[in-house]
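# Topology and contacts: notes
One letter stands for each residue in the lines below.
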Amino acid sequence: MTTGATAAAGLEGVVATSSKICYLDGERGVLAYCGYDIHDLARSATFEEVCYLLWHRRLPTRAELGDLQSELARARLLPEPIVRMMRSLPPEHTMDAVRTLVSALAHHDPDVGDDAPPASMRKAVRLTAQVGTLVATLGRLAAGGAPMLPDPVLGHAANFLYMLRGERPSALAGRAFDVALMLHADHELNASTFAARVAAATLTDIHSAIVAGVATLKGPLHGGANAEVMKMLETIGEDADDDRVVATVRGMLARKQKVPGFGHRVYRTEDPRATHLRQMSRDLGRQANNTRWFEISQRIEAVMKAEKQIDVNVDFYSASTYHTLGIAVDLFTPIFVVSRVAGWTAHVLEQYANNRLIRPRAEYIGPEYPQTFVPIASR
Ligand SMILES: CC(C)(COP(=O)(O)OP(=O)(O)OC[C@H]1O[C@@H](n2cnc3c(N)ncnc32)[C@H](O)[C@@H]1OP(=O)(O)O)[C@@H](O)C(=O)NCCC(=O)NCCS
């Protein structure tokens, strides 16, 4: 027994597993999926190719990609009871609804009760397809629209925007969203992936492990940060002058508040995903003839760099990007799920394939042992 804590706070720097999925070098700002640099993937791949890569740890052939696209298209339609349940949930807590509905999807899965590797793989594909429809439909219902059937011709990203907005997206918007999904698909042993792997290591089913991931992603220190960024931008206001932008950031720092969208446990340089999202935010703003949110974001970035030497993370420019794509703030974190479900399922499958129960120890820092027990009548 010790009295002073020596365990690494937040498990910082602790290597808790080995994995063939994601390579992360925080010093050099490198992110790669199965050895493929995120910049190459963002330039040339699609979300479906990245899903295949994460699940099978190699890029698909044309035929394999075609098969995956067909499987995803078949699985995109939600079971009717899920849509009914969706309508019965309070509309204002979208992430809570996603958590509940992902859990409910397990009951309607044709492979329910079968946790053998082929069934878990099929469930990974189905979950990835269904979560896109689920989040798009939640967004559509919240905006007062009727659920849209997926369009079999469109890919995953364009289908999401189509089912959300009721019209096919422009090529730029569809591609931007495809890249955003790729950028968020995996990130090594982040908190939600760790949670999913801990759950999977008990040999619980894949839906249960993914629910653990969704629940963990929800927190404002993790996936919830993109929504917090947009709330901060809206508080500053589209018409704010430079003084107001600078004063808001300085005020938050003076109050020792964390500025959402900045800082990272691993990166000591720019988050490589942010590079693409910054560009996307600018390009989409230009297409929409409104670069104001981009400009305010850039100004906040400059102030943070000057005052705290802290870089933006993936969440910062994803806020103005999604906003410019016409997506409501409540959907920002659920969209993270649409993408990260690919990484979570890949990690869960990897955990199943080489499993050992994850059960670390805690350093005890409580009252001295032994304490004298005083019966309740004498206390
Ligand atoms: C991501 C995050 C949780 C990492 O936390 P962490 O590794 O535990 O880092 P710490 O909270 O210990 O921060 C280290 C230092 O940087 C500062 N810092 C980190 N992120 C900051 C932020 N967003 N705004 C202001 N200061 C920040 C801390 O105040 C601390 O400074 P100090 O040493 O002077 O006290 C943290 O940066 C954060 O809360 N960011 C905002 C939320 C966010 O964007 N999350 C999404 C992550 S992808």
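Read on for a plain summary of the structure. Residue indices follow the written sequence of each chain, beginning from 1 at its first position. Local features are withheld for residues below a pLDDT of 70 in this predicted model, meaning they are given only at 70 or higher, and side-chain atom pairs are given and counted only at 80 or more; totals for whole chains, interfaces and linings count all residues.

This part covers the overall build of the protein. The numbering of helices and of strands both runs from the N terminus, where a helix is a DSSP run of H or I of at least 4 residues and a strand a run of E of at least 2. Helix and strand counts for the protein stand at 16 helices and three strands. Atoms counted for the radius of gyration: C-alpha only. Globule rule: 2.2 Å times the number of residues to the power 0.38. For 379 residues, the compact-globule estimate of 2.2 N^0.38 gives 21 Å, and the protein sits close to it at 22 Å. Judged by the C-alpha coordinates and their principal axes, the protein covers about 70 × 60 × 45 Å. Looking at the 379 residues of the protein, the share that counts as buried comes to 44%. Taking the intrachain contacts of the protein between residues at least 6 apart in sequence as the baseline, contacts between residues at least 24 apart amount to 75%. Partly exposed residues are those whose C-beta has more than 12 but fewer than 20 other C-beta atoms within 10 Å; with 20 or more the residue is buried, with 12 or fewer it is exposed, and the C-beta atoms are placed from the backbone. In this description, a residue-residue contact is defined by the distance between C-beta atoms placed from the backbone, which must lie within 7 Å.

Attention now moves to the pairing of strand E2 (residues 30-33). Every second residue of E2 is oriented toward a common face, the buried set being Leu31 and Tyr33 and the non-buried set Val30 and Ala32. Looking at chain direction, strand E1 (residues 22-25) and E2 are connected through four bridges and run antiparallel. Across the sheet, residue Leu24 finds its bridge partner in E2, namely Leu31. Strands are labelled as partners when DSSP assigns at least two bridges between them. The hairpin formed by E1 and E2 contains four residues between the paired strands, and Gly29 there has a positive phi angle of roughly 70 degrees. As paired elements, E2 and strand E3 (residues 36-37) share two bridges and run antiparallel to each other.

Once that is clear, we can look at the nonpolar core. Counting 100 residues, the largest nonpolar core has Val50, Leu54, Val135 and Ile210 as the members making the most contacts within it. Counting residues per element, this core draws most heavily on helix H16 (residues 332-353), at eleven residues. Among residues more than four places away in sequence, those in contact with Val50 are Tyr33, Leu41, Ala45, Met182, Ala185 and Ala342. To form a nonpolar core, buried Ala, Val, Leu, Ile, Met, Phe, Trp, Tyr and Cys residues must be joined through C-beta atoms within 7 Å.

Note on definitions: a residue is near a molecule or strand provided its C-beta atom, placed from the backbone, lies within 6 Å of it. Residues in close proximity to the ligand total 16 residues, the closest being Ala225, Val259, Phe262, Gly263 and Arg265. Across the shell around the ligand, the residue classes tally to seven nonpolar, five polar and four charged. Under this grouping Gly is polar, as are all residues other than the nonpolar Ala, Val, Leu, Ile, Met, Phe, Trp, Tyr, Cys and Pro and the charged Asp, Glu, Lys and Arg.

Given a rise of 1.5 Å per residue, 14 residues ought to cover 20 Å, and the 20 Å separating the end C-alpha atoms of helix H8 (residues 171-184) matches this to within 8%. Counting buried positions along H8 yields eleven of 14 residues, so the element is predominantly enclosed. Within the sequence span of H8, burial applies to Ala173, Gly174, Ala176, Phe177, Asp178, Val179, Ala180, Leu181, Met182, Leu183 and His184. Among the structural elements, helix H1 (38-44), helix H2 (47-56), helix H7 (156-165), helix H13 (272-287), helix H15 (314-324) and H16 are those in contact with the buried residues of H8. Helix span, expected: 1.5 Å multiplied by one less than the number of residues in the helix.

With that out of the way, let us pick up helix H11 (residues 225-236). Here H11 spans 17 Å end to end across twelve residues, near enough to the 16 Å set by a 1.5 Å rise per residue. Buried residues of H11: Ala225, Asn226, Ala227, Glu228, Val229, Met230, Met232 and Leu233, and no others. Of the residues one or two after H11, Gly237 is the one with positive phi, at around 95 degrees.

A few words now on the environment of Phe194. Considering the arrangement of structural elements, one finds Phe194 in helix H9 (residues 191-200). A C-alpha to C-alpha distance of 41 Å links Phe194 and Asp243, two positions 49 residues apart in sequence. Sequence-distant contacts of Phe194, that is, excluding residues within four places in its chain, are made with Ala16 and Leu189.

Turning next to the packing of helix H14 (residues 292-308) against H15. Axes here refer to lines fitted to C-alpha atoms; in helices the fit is confined to the stretch in contact. Angles between the N-to-C directions go from 0 to 180 degrees. Taken N-terminus to C-terminus, the directions of H14 and H15 make an angle of 170 degrees; their axes are 10 Å apart at the nearest point. Judged by the angle between their axes, H14 and H15 are roughly antiparallel. Touching Trp293, Phe294 and Ser297 of H14 are Phe316, Tyr317, Ser320, His323 and Thr324, all from H15. Split into classes, the residues belonging to the contact of H14 with H15 amount to four nonpolar, four polar and no charged. When describing relative orientation, an angle under 35 degrees is termed roughly parallel and one over 145 degrees roughly antiparallel, while 65 to 115 degrees is termed roughly perpendicular and anything else oblique.

Strand order across the open sheet formed by three strands is E1-E2-E3, with antiparallel pairing between neighbours. The outermost strands of the open sheet, each flanked by one partner alone, are E1 and E3.

Mapped onto the secondary structure, Thr137 falls in helix H6 (residues 117-142). Since 23 C-beta atoms lie within 10 Å of it, Thr137 is described here as buried. Taking the C-alpha atoms as reference points, Thr137 and Ala116, 21 residues apart in sequence, are found 31 Å from one another. In contact with Thr137, other than residues within four places in its own chain, are Leu78, Val83, Met86, Pro147 and Met163.

Next up on the list: the packing of H2 against H16. At a minimum axis distance of 8 Å, the contact between H2 and H16 shows a crossing angle of 15 degrees. For the element pair H2 / H16, the angle class is roughly parallel. Two packed elements cross with a definite hand, and for H2 against H16 that hand is right-handed. Where H2 abuts H16, its residues Val50, Cys51, Leu54 and Trp55 lie against Ala342, Gly343, Ala346 and Leu349. Residues of the contact of H2 with H16, tallied by class, amount to seven nonpolar, one polar and no charged. It is the rotation of the near helix from the far one that decides the hand of a crossing: anticlockwise by less than a right angle makes it left-handed, clockwise makes it right-handed.

Let us look at unusual backbone geometry. Residue Pro370 is bonded to the preceding Tyr369 through a cis peptide linkage, with omega at 0 degrees. Position of Pro370 among the secondary structure elements: in the segment after H16. Although it is not a glycine, Cys34 sits at a positive phi angle of roughly 50 degrees. Relative to the assigned elements, Cys34 resides in the loop between E2 and E3. With a phi angle near 60 degrees, Asn289 is a residue other than glycine that sits in the positive phi range. You can see Asn289 is positioned in the loop between H13 and H14.

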